[in-house]
Structure formats: C-alpha cells, structure tokens
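Geometric and topological summary
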Amino acid sequence: MNVLVTGATGTVGRHVVDGLRDASDVTVTAASRDPARARDRLDCATVAFDFTDPTTYRDAFADADAMFLVRPPALSRVRRDAVPALVAAVGAGVERVVFLSVIGADRNPLVPHARIESWLADAGLETTFLRASFFMQNLSTTHREEIRDGRLAVPAGDGKTSLVDARDVAAVAVRTLREGITGAYDLTGPDALSYAEVCAVLSAALEHEVEYTDPSLPRFLLSRYRLEGDLAKTGVMAAIYTTARLGLADRVTDDARSLLGRPPTDFRTFVRDTRTVWA
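The following paragraphs examine the structure supplied in this document. (Residues numbered from 1 in each chain as written. Predicted model: local features only at pLDDT ≥ 70, side-chain atom pairs only at ≥ 80, totals over all residues. Heavy atoms only, no water.)

Here's the deal with the sheet that holds strand β2 (residues 27-32)
- Taken in spatial order, the seven strands line up as β3-β2-β1-β4-β5-β6-β9 in an open sheet, and their pairing is parallel. Each having just a single partner strand, β3 (45-48) and β9 (183-187) make up the two edges of the open sheet. On average, adjacent strands in this sheet sit at an angle of 20 degrees to one another, irrespective of strand direction.
- Pairing of strand β1 (residues 2-5) with β2 involves four bridges; the strand directions are parallel. Each residue of the ladder has a partner; that of L4, found in β2, is T29.
- Of the strands in this sheet, β4 (66-70), β5 (96-102) and β6 (126-132) touch helix α6 (residues 112-122), which is tilted by about 160 degrees from β5. (Pairing = 2+ DSSP bridges. Helix = DSSP H or I, 4+ residues; strand = E, 2+ residues; numbered from the N terminus. Axes fitted to C-alpha atoms, helices over the stretch in contact; angles between N-to-C directions. Contact = heavy atoms within 4.5 Å.)

Below you can see the structure in the form of structure tokens.
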C-alpha cells in the first residue's frame, strides 16, 4: 500500500511517518511544500504538495492508494482551499483517507473539520475520522516559553480538558491505515485535568513552580495576538479555551485504549518524557 502523509512534519504527521516508514507492507511518502527540507527531517520519500496549488496535485497523488489527511490551520474555507485537492486525490485513485479531525466535529458544523468530514463521507471513500482532543504537545510548543517563565495564562476558568498525546493519535492513525479500520473515533487521554492541575503536574516535575492564571478573554486575545501576530491562530486558541471554560472539553472515551491495545499516555508521563523542553 502506498500512503501519502500530509502535514508530515507536523505534531502528528511526523510520528505517522515514523510509524509507517519501516513497515514492510507500506510505502510512505511525505507531502510538503518544501520537500527537500522534509526529506532531511523525516528520512523518507517526499513530494511537493500544496493544497492551494493545483500544479502539485498530479505528482503528489500519482501512486497513492491511501492518505493521512491533515487540514493546514490557515485553510478555513474548505470548499475553496481543500476540496479541489480532495477531488484530485479521488480522481487519481486514492481509495481511503484517515482524517485528523477534532473532537466534537460531529456536533459542531461550524468548524472546518466538520465540513471536510461531510465531504469525505459523501465521496464514496473508505474513511476514518480521528477526532482528537487537545494535544499535550501544545504545552511543550505553543506555551513552552511562558511555562519556562513559570506561568500558564489561558482563559479556561476551572474547566477541564481530556488532553491527549499526539504520539498516541499517530499510533492510532498508523494502525487504521495499515489494517483498513474505518469509522469515527474520539481520541482522548485517560483523564481530564483543569489547568490548575496541569500546572501542579508541571511544577512537580520541573525545577520551578508554574502558576496558572485565568485572564479575561479580551486580555488573552490581546496578549496572544501581540505575541503570535496571527489573528486566526489567536482566535482558534481562544475558542479552544472557552470550550474548556464552558465544561465542554472534559469528555473521556475508551476509543484510544481500544485501538492502541493499551492505556493512552497520561499527562504525568508526557511531562516526564518531555521535561527537558521546559528546562
């Protein structure tokens, strides 16, 4: 089976590539806007691909039987920015798609992931929707510097989030791709934590205290925009933490455990594994 991995250098995609690269029954190709750079990072075959550049479609989909699909965060207009590439994939012979979606996409038609799920469901493909909860890795990337400085400022109130390790999501993706498992799965960690509890775990594992502060939504938007300079990303972050504040992000499921054949990684283990990033 020939698998094309989009988002191949991202939080989940790079682990999907790792999981598929040495499998005897799979040939994996990483799709990237910068294939030379991706080849150096991933040590696998790469091909140029950009959702918004139709000239890249033919080579990218030429030999692909299956695809791991990740929506680039900047692409929110699904019909204009994503569907043309998906149409090209189907036309080139891609028969199954494992799509990295978000938890709750089946209940919130406003998120772009829901519109992609709907299109894929109507396309006659074998599909797998991996609806992932909030990645633990966001704390070691997006929030790394502030945690290093001893604080975590997010407008989540006392709400809890069922944080999931991106490595577990990738492992599920690899299994579903290799074994042809279809369906929709809500992937969470083993428990839900408030951000005060998150900071307590971080404080216990690191060599400094990490304080949780709960800024107002306007203050959070202003401070993150000043830091990121990306209004779309800031808006998405605000929406995620507001969902937690409203008590809508704490659902824990057994889907990851069932597909992994083991318990999903808990947050304490994740922090212990990655603690050097905050050193």
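Digging into helix α1 (residues 13-21)
- Within α1, the full set of buried residues consists of G13, H15, V16, V17 and L20.
- Turning to α1, the residues buried within the fold contact β1, β2, α2 (35-42), β4 and α9 (166-179). (Buried < 20%, exposed > 50% of the residue type's maximum accessible area, 1.4 Å probe, protein only.)

A few points about the environment of G235
- Among the structural elements, G235 can be located in helix α12 (residues 231-245).
- It is 13 Å that separates the C-alpha atoms of G235 and V154, two residues lying 81 residues apart in sequence.

Side note on the packing of helix α5 (residues 83-92) against α6
- Closest axis-to-axis distance for the α5/α6 pair is 11 Å, and the angle between their directions is 25 degrees. The angle between α5 and α6 falls in the class roughly parallel. Once α5 is placed against α6, the crossing between them reads as right-handed. Residues V83, L86, V87 and V90 of α5 form the contact with α6, whose own contacting residues are I116, W119 and L120.
- Considered class by class, the residues forming the contact of α5 with α6 number seven nonpolar, no polar and no charged. (Parallel < 35°, antiparallel > 145°, perpendicular 65-115°, else oblique. Left-handed = near helix turned anticlockwise from the far one by under 90°. Nonpolar A, V, L, I, M, F, W, Y, C, P; charged D, E, K, R; others polar.)

Some details on helix α11 (residues 217-228)
- Look at α11: 16 Å from first C-alpha to last across 12 residues, which is about the 16 Å you get at 1.5 Å a residue.
- Downstream of α11 by a residue or two, G229 has a phi angle that is positive, lying close to 70 degrees. (Expected span 1.5 Å × (residues − 1).)

Some thoughts on the environment of R131
- Turning to its location among the elements, R131 is positioned in strand β6.
- On the basis of relative accessibility, which here comes to 10%, the residue R131 falls in the buried class.
- Along the chain, R131 and E228 lie 97 residues apart, while their C-alpha atoms are 26 Å from each other.
- In this structure R131 touches S101, V102, I103, D106, E117, A184, Y185, D186 and L187, once residues within four positions along its chain are discounted.
- Among the polar contacts made by the side chain of R131, one reaches the side chain of E117 at a distance of 2.7 Å. (Polar contact = N/O pair within 3.5 Å; in protein donor to acceptor, adjacent residues only side chain to side chain.)

Describing the pairing of β2
- Handedness of the β1-α1-β2 crossover: right-handed.
- By the bridge criterion, four bridges tie β2 to β3 in an arrangement that is parallel. For T29, the partnering residue across the bridge sits in β3 and is A45.
- Handedness of the crossover joining β2 and β3 through α2 is recorded here as right-handed. (Right-handed = clockwise from strand over helix to strand, strands pointing away.)

Points about the pattern of salt bridges
- Using the criterion set out here, one finds 19 salt bridges in the structure.
- A salt bridge links R245 to D214; the nearest nitrogen and oxygen atoms lie 2.6 Å apart. Highlighted residues: R245 in helix α12 and D214 in the loop between β11 (211-213) and α11, separated in sequence by 31 residues.
- By relative accessible area, which is 39% here, R245 ends up partly exposed.
- Exposure remark for D214: the relative accessible area of 36% places this residue in the partly exposed category.
- Each of the salt bridges in this network shares a partner with another, and the network as a whole consists of D106, R107, E117 and R131. (Salt bridge = Lys/Arg side-chain N within 4 Å of Asp/Glu carboxyl O.)

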